[in-house]
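Here is how the chains run, residue by residue.
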Amino acid sequence: MAETWTVDGKTSIVTGSNTGLGRVTAVELARRGSHVILASRSEERTTPIVEEIGRQVGHDRVEFLALDLSSLASVKSAADTFLADGRPLHLLVNNAGLAGRRGMTADGFELTFGVNYLGHYLLTRLLMNRMVASAPARIVHVASSVHHRARHIDWERLRKPRLVPGRSEYAVSKLANILFNRELARRLTGTGVTTYAAHPGLAATDIYRVVPPPIRRLVTRSMPTPENAARTQVWCATAPELWEESGRYYADRRQKDPSPAALDTGLAAELWTRSEAWVGDFL
Ligand SMILES: NC(=O)c1ccc[n+]([C@@H]2O[C@H](COP(=O)([O-])OP(=O)(O)OC[C@H]3O[C@@H](n4cnc5c(N)ncnc54)[C@H](OP(=O)(O)O)[C@@H]3O)[C@@H](O)[C@H]2O)c1
């Protein structure tokens, strides 16, 4: 029964889980008995974390999956690897993200948008049918209140590098996470797969790695720990009482209103249609 939702004995994938909020989320899910797959881009950096989580939680149902969200081919390969052995998938936490970095993805998208949103769009689409077959199942998108700063999506800019990285491309990527959550919920109605967007709040994590160390120490000193900040996304992934809710946005383990742009159903539909065309070769 969906209202007795538990991750115990279920299979979960958490993206970007070698550090920060993703790592805490992986620990919390494994502690609750889930078989957790850490989908990260560096096997070298993730293997010690897999082993450490195993020791922490006292079971070995923790593993690594290679996933680089800045390459749609890598996303496809990660999904194919997971799907190949026919396992069910009950929980997908789209957590990985970056901010303040310049560059383009392998497929010609502005890096922040490509990693934070488009890679996750493709991953979710490729895993979706397996999740429907495994229902009840959940998808959690790690968003941010910074999305309030993006009033719209400039489609042309998504294909151009930023000369100076700033908060605006990050805000657009997080707006896209929330729009995706809403459109996905609409399309998954009646399937038993529910979807949630979570704002963790500021947390002292590696996301501030682009800030020079002395300033970084100063900026992050008064921020909550990753353990505290990850509570909302862990709650969205595990709380039985959310089983009837889908497509909503949460902060501090409460439902919150996202920005007017994030509630724009036309924009959500357009983002879906454009994303489908962008990743088309890999679907
Ligand atoms: N910390 C905050 O204040 C805050 C506030 C609001 C929202 N958030 C959101 O919380 C989520 C987690 O961030 P965090 O604070 O935990 O940051 P973090 O410590 O920097 O962790 C980010 C994770 O994403 C991974 N990642 C980056 N680029 C990737 C790629 N191309 N392919 C696969 N994985 C990639 C990183 O892997 P590597 O270690 O290999 O780079 C890392 O595992 C993000 O979505 C972020 O936007 C954070």
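To keep things clear, this report deals only with the structure shown in the data block. Only a predicted model underlies this, so the values are computations on that prediction, with no experimental measurement involved. Starting afresh in each chain, residues are numbered from 1 along the sequence in its written order. This being a predicted model, a pLDDT of at least 70 is required before a residue's local features are given, and a value of 80 or more before pairs of side-chain atoms are given or counted; all residues contribute to the totals for chains, interfaces and linings. Water and hydrogen atoms play no part in the side-chain values, which are based on all heavy atoms of the structure.

1. Considerations on helix α2 (residues 43-57)
Short version of the rule: A helix here means a DSSP run of H or I that spans at least four residues, while a strand means a run of E at least two residues long, and both kinds are numbered starting from the N terminus. Helix span, as expected, comes to 1.5 Å for every residue beyond the first. Only heavy atoms enter the contact rule, under which two residues are in contact if any of them lie within 4.5 Å.
The terminal C-alpha atoms of α2 lie 21 Å apart, and with 15 residues this matches the ideal 21 Å at 1.5 Å per residue to within 8%. On its buried side, α2 packs onto α1 (20-31), β2 (35-40) and β3 (62-66). With its phi angle positive at about 75°, Gly58 sits one or two positions after the end of α2.

2. Let's talk about the nonpolar core
The following threshold applies: We call a set of buried residues a nonpolar core when its members are Ala, Val, Leu, Ile, Met, Phe, Trp, Tyr or Cys and they connect through side-chain atoms within 4.5 Å of each other. Classification of residues uses two cut-offs on accessible area relative to the type maximum, computed with a 1.4 Å probe and protein chains only: under 20% is buried, over 50% is exposed, and between them is partly exposed.
Formed by 57 residues in total, the largest nonpolar core has its most connected members in Ile13, Phe113, Tyr117, Leu127, Ile153 and Leu271. Among the elements that make up this core, the one with the highest residue count is helix α4 (residues 111-133) (twelve residues). Among residues more than four places away in sequence, those in contact with Ile13 are Ile37, Ala39, Phe82, Leu89, Leu91, Leu92, Val93 and Leu127. Among the nonpolar cores identified, the runner-up in size contains 26 residues, and Ala26, Leu29, Val57 and Val142 belong to it.

3. Overview of the site of the ligand
Note the following rule: One heavy atom within 4 Å of a molecule or strand is enough for the residue carrying it to be called near that molecule or strand. Any N or O atom pair separated by 3.5 Å or less is treated as a polar contact, with the protein-specific requirement of one donor-capable and one acceptor-capable atom, and with residues adjacent in sequence counted only for side-chain atom pairs. Using a 1.4 Å probe, the Shrake-Rupley method yields the accessible areas, and only the shown protein chains count as cover for residues.
Around the ligand there are 31 residues in total, and Asn18, Arg41, Arg45, Tyr170 and Thr205 lie nearest to it. Between the ligand and Leu21 there is a distance of 2.8 Å, counted from an oxygen atom to a backbone nitrogen or oxygen. Within the contact set of the ligand, an oxygen atom lies 2.6 Å away from a side-chain nitrogen or oxygen of Arg41. Protein contacts shield 98% of the accessible area of the ligand, which totals 900 Å² for the unbound molecule.

4. Notes on the packing of α4 against helix α5 (residues 167-187)
As a reminder, the rule being used: Only C-alpha atoms enter the line fits that serve as axes; for helices the fit covers just the stretch in contact. Angles between N-to-C directions range over 0 to 180 degrees. To sort the angles, those under 35 degrees are grouped as roughly parallel, those over 145 as roughly antiparallel, those from 65 to 115 as roughly perpendicular, and the leftovers as oblique. Handedness of a crossing follows from how the near helix is turned relative to the far one, being left-handed for an anticlockwise turn of less than a right angle and right-handed for a clockwise one. Amino acids are sorted into nonpolar (Ala, Val, Leu, Ile, Met, Phe, Trp, Tyr, Cys and Pro), charged (Asp, Glu, Lys and Arg) and polar (every other residue, Gly among them).
At a minimum axis separation of 7 Å, α4 and α5 run at an interaxial angle of 20°. By the criterion of interaxial angle, the relationship of α4 to α5 is roughly parallel. Considering how the two elements wind past one another, α4 and α5 form a crossing that is right-handed. On α5, the residues that touch Thr112, Phe113, Asn116, Tyr117, His120, Tyr121, Thr124 and Met128 of α4 are Glu169, Tyr170, Val172, Ser173, Lys174, Ala176, Asn177, Phe180 and Leu184. Looking at the contact of α4 with α5 residue by residue, the class counts come to nine nonpolar, six polar and two charged.

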